[in-house]
Amino acid sequence: MSTHQGPAHRLPVPTRAWRRVLDAPVAVAALTVALTLALTLAKAVVALVSTPSPGQTSASTLSTALSTALTGAGASAGAAGTVLLVVSLLVGLPHGAVDLLRPEVLDPGAPSRSRRLVTAAYLGCAAAAVVCWLVLPLPTLLTLLALAAVHFGAADDVTARWRARGTGPVHPPLPVLRVLRAVAAGAVPVTVPLGLHGAAVRDVLDGLSGGHAPLVLACSRLGAVLALAAATGALGVALARARWAAAAETAALTALFVLLTPLLAFAVYFGLWHSWRQVARMVAADAVREGTGPGRALARFCRGAAVPTALTVAAGSGAVAAGGSSVLVVGLALVLCLTVPHSVVVARSDRRLRWARGDGERPPVSPRCPPGAGPRAPGSRPAAGTAAAAPRSGR
Ligand SMILES: CC1=C(/C=C/C(C)=C/C=C/C(C)=C/C=O)C(C)(C)CCC1
C-alpha cells in the first residue's frame, strides 16, 4: 500500500504480566458465559415458580426453558449485556481507528505526499468494498465474512506465537495444533453465531445480503460445522499434549459463540478479545521502539487513539439518534468494508514483525550474534535482519 512503510517492529519476550494480559480475554469469555448461563437459569427458575404449567414436572419445564434460550437466539445477559456492549465498543473501536497513525503502517518521517497516498489507498479500498456491496450484496457479504475469518485467525495465531516465546515451559512446536487452532480461532467467531443463532439476526442479514438471508444462513451452517470440527480437533490435540492454555482458549471461544446471542458474543469477542490483544501487541511494540515501559506506551497509545475514537463514537451516536432499524445494518456493513484495508495493513505489519529471542531458544550461529546473547534491552536498535527467529513453540 505504500513505499514509505515504517520500520520492522519488534515484540519483546512476553513477561508473565504480558502473558496475563494476553490470557485475560479467555477469562473474560469464560466469565461472560458462566454469568449469562447463571442468569438464564435464574430466569427459568423464576418463570417456573411464578407460572407453574400443569402436567409438566419442574425438571422438564426448566430444561425446556433453558434449551429454548440456548438453541434459539442464544442466552442473553440482559442489562449487563448492554454494559458489555458499550465497554467492548470502547476497546474495539481504537484498534482500527489508529491504523493510519501506526508507525509500522506509515513511517512517521514519510513525506506528506506519501501520507496522503496511503490515506487515499486505505479509504479507497474501503470505498471499493462499499461499491461492490451496493452492486453485488450477497457475494460481497460472503467474501467479507470469509476475509473477517482469515483476519481473526491470523491475529490469534500471531498472539499464540508471541505468547509461546515467554517465560514458562518450552514445548516443541505442534504444527497440527497451530493449524487447527488458527482455523477454529478464525472461523468460530464468524460462522458459529450466524450458523447456530442466525435466525435471531435474520433481518440484519436480509439487509446486508439484499434479501438473501436464507442463503447466508445455509453457508454459515456449513461453515459452523467445519469450524466446530476444527475447534474439537484443536481441543482434543491440546488436551492430549497437555497444552492447557491452548485448550482453555479454544474451549472458551467456542462456548462463547455456541451459547450466547450472536450480538452479545460478537461484541465481547470483538472488543475484549480480538481488539484487546491487538492493542496489547501495539503497546508492547511501541514500548520496545520508544524504550519506555508499557504504562507510558499505553498512555501514549490512548492519547493517539482518543480523537479518531471520539469521531467514530460521535458518528455512530449520530446515526443511532437519527434512528431507523437500518443503523445496525449500515454500521456492520461499514465495519466489514473497513476490514478490507484494516486486514491488509495488519497482515503487512505482521509480516514485518520481528521477535525478541525467548528463553530456551537455540542461539543463532551467526558470528554477529554470538551464542548466549540474550534478548535486546527494550528500546535498543536491532541490527538489520538479525532478529527474525522462527517461532519457538506451538504452546
Ligand atoms: C454480519 C453479522 C455479524 C458478523 C460481523 C462480522 C464478522 C464483523 C467483522 C468485523 C471485523 C473483521 C473487524 C475487524 O477488526 C454478527 C455481528 C455476528 C451478527 C450480525 C450479522
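Predicted model only: the values in this text are computed from it and were never measured.

Right, let's get into the state of the cysteines. In protein chemistry, a disulfide is the covalent bond that joins the sulfur atoms of two cysteines. Across all of its chains, the model carries zero disulfides by this definition. Between cysteine 132, a free cysteine, and cysteine 337, which holds the nearest cysteine sulfur, the sulfur-to-sulfur gap is 8.5 Å.

Our next topic: the nonpolar core. Core analysis: the largest hydrophobic core is formed by 46 residues, its most contacted members being Trp133, Val188, Leu256 and Phe257. The residues contacting phenylalanine 257, other than those within four sequence positions of it, are Val188, Pro189, Val192, Pro193, His197, Ala265, Phe266 and Tyr269. Core analysis: the second largest hydrophobic core is formed by 18 residues, Trp18, Leu22, Val98 and Ala280 among them.

Moving on to the UniProt feature "transmembrane region" (unreviewed entry) in the protein. The UniProt record annotates "transmembrane region" (unreviewed entry) at residues 21-49, 69-93, 117-136, 213-239, 251-272 and 327-347. Secondary structure within residues 251-272 divides into 91% helix and 0% strand; the distance between the first and last C-alpha atoms comes to 16 Å.

Taken together, 16 residues form the shell around the ligand, and within it His95, Phe152, Phe266, Phe270 and Thr339 come nearest. Between the ligand and histidine 95, the relevant distance is 3.2 Å, taken from an oxygen atom to a side-chain nitrogen or oxygen of the residue. Contact with the protein chains covers 98% of the free accessible surface of the ligand, which is 540 Å². Elements that contribute at least two residues to the shell around the ligand include exactly helix H5 (137-163), helix H10 (262-290) and helix H12 (327-351). Of all the elements, H12 adds the most residues to the shell around the ligand, at five residues. Counted by class, the shell around the ligand contains eleven nonpolar, five polar and no charged residues.

Reading guide: rules and limits
- Residues numbered from 1 in each chain as written.
- Predicted model: local features only at pLDDT ≥ 70, side-chain atom pairs only at ≥ 80, totals over all residues.
- Heavy atoms only, no water.
- Disulfide = S-S within 2.5 Å.
- Core = buried A, V, L, I, M, F, W, Y, C linked by side-chain atoms within 4.5 Å.
- Buried < 20%, exposed > 50% of the residue type's maximum accessible area, 1.4 Å probe, protein only.
- Contact = heavy atoms within 4.5 Å.
- UniProt positions renumbered as here; feature names shortened; annotations may be inferred.
- Helix = DSSP H or I, 4+ residues; strand = E, 2+ residues; numbered from the N terminus.
- Near = heavy atom within 4 Å.
- Polar contact = N/O pair within 3.5 Å; in protein donor to acceptor, adjacent residues only side chain to side chain.
- Areas by Shrake-Rupley, 256 points an atom, 1.4 Å probe, with all protein chains shown as cover.
- Nonpolar A, V, L, I, M, F, W, Y, C, P; charged D, E, K, R; others polar.

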